[in-house]
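# Structural overview for review
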Amino acid sequence: KNTMSQEKKYDVFISYSRKDSAIADEICKAFDQVGITYFIDREEIKIEKDYIEKIANGIDNSKIVLFLASTTSYTSKYVNIELKYAFDKEVLILPYQIDNAAITKKYQMLLSSVNWYNINEHPINPKLIETIAEHVGKEIDFDEINKSVEPNPLEVKKVVNEESKIRMSET
């Protein structure tokens, strides 16, 4: 039985540092509202046994990987393993910057062929949701959703740092 031809169980695998759980939770809430299915480790893995295998299966069974790029995720051993595995399996990785950390060279190189998004220019609702829906082939009725969506209560640091502002003004 060829598992590669089976329908994917999840639309999105969320790769993130546990220290970024508040933003991951906001994204999960937004996904729940629009019917985007996702694998996130704390919901899918109840016990430590076979943790790595369950993570690998989660990536194998997802259409794309959403990488929450941040200061803490760049140094996370597990995020590194997840992204390397997804890259090797040729699963599309969408990097989503959630703080103003400089992108490390390792991730610049690994993810040089994909668009990077950030939380300020590409807010969770509706822009990130629209982008994900497009990548996983879901039709979403935003008029219906926007009636019930509360404003994002998270306070998010400005991603654009002074150096990039200077570079932008020079062009």
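Our structure is the block above this text.
Described in the following lines is the structure provided in the data block. (Residues numbered from 1 in each chain as written. Predicted model: local features only at pLDDT ≥ 70, side-chain atom pairs only at ≥ 80, totals over all residues. Heavy atoms only, no water.)

Tallying secondary structure elements over the chain gives nine helices and five strands in all. Secondary structure elements in the chain, listed N-terminal to C-terminal, are β-α-β-α-α-β-α-α-β-α-β-α-α-α. Taking all contacts inside the chain whose residues are at least 6 apart in sequence as the whole, residues at least 24 apart take part in 72%. Put simply, the chain shows about 10,400 Å² of open surface, and 50% of that area lies on carbon and sulfur atoms. (Helix = DSSP H or I, 4+ residues; strand = E, 2+ residues; numbered from the N terminus. Contact = heavy atoms within 4.5 Å. Areas by Shrake-Rupley, 256 points an atom, 1.4 Å probe, with all protein chains shown as cover.)

Take the sheet that holds strand β4 (residues 92-97) next. The five strands lie next to each other as β2-β1-β3-β4-β5, forming an open sheet whose pairing is parallel. Strand pairing shows two members of the sheet lacking a second neighbour, β2 (38-39) and β5 (117-118), which therefore form its edges. Along the sheet face, helix α1 (residues 21-34) touches β1 (10-15), β2, β3 (62-69) and β4 and points at about 145 degrees away from the line of β3. (Pairing = 2+ DSSP bridges. Axes fitted to C-alpha atoms, helices over the stretch in contact; angles between N-to-C directions.)

On to a nonpolar patch on the surface, then. There is a patch of nonpolar side chains on the surface, built from Ile52, Tyr78 and Ile81 and spanning about 270 Å² of accessible area. Structurally, isoleucine 52 can be placed in helix α3 (residues 51-60). (Patch = residues over 30% accessible without salt bridge, like charges linked within 9 Å, V, L, I, M, F, W, Y side chains within 5 Å. Salt bridge = Lys/Arg side-chain N within 4 Å of Asp/Glu carboxyl O.)

Taken as a whole and judged by the stated rule, the model has eight aromatic pairs. Arranged with centres 5.1 Å apart and planes meeting at 15 degrees, the rings of phenylalanine 13 and phenylalanine 39 form a pair that is stacked. Taken together, the positions of phenylalanine 13 in strand β1 and phenylalanine 39 in strand β2 put the pair 26 residues apart, joining distant regions of the chain. Phenylalanine 39 shares its class with phenylalanine 13; the two are buried. Note on phenylalanine 31 and tyrosine 38: the rings are 5.9 Å apart at their centroids and 45 degrees apart in plane angle, and the pair reads as tilted. The exposure classification of phenylalanine 31 matches that of tyrosine 38, with both residues buried. By the ring-pair criterion, three or more aromatic residues cluster together here, those being Phe67, Tyr74, Tyr107 and Trp116. (Phe/Tyr/Trp six-rings, centres within 6.5 Å; stacked < 30°, edge-to-face > 60°. Buried < 20%, exposed > 50% of the residue type's maximum accessible area, 1.4 Å probe, protein only.)

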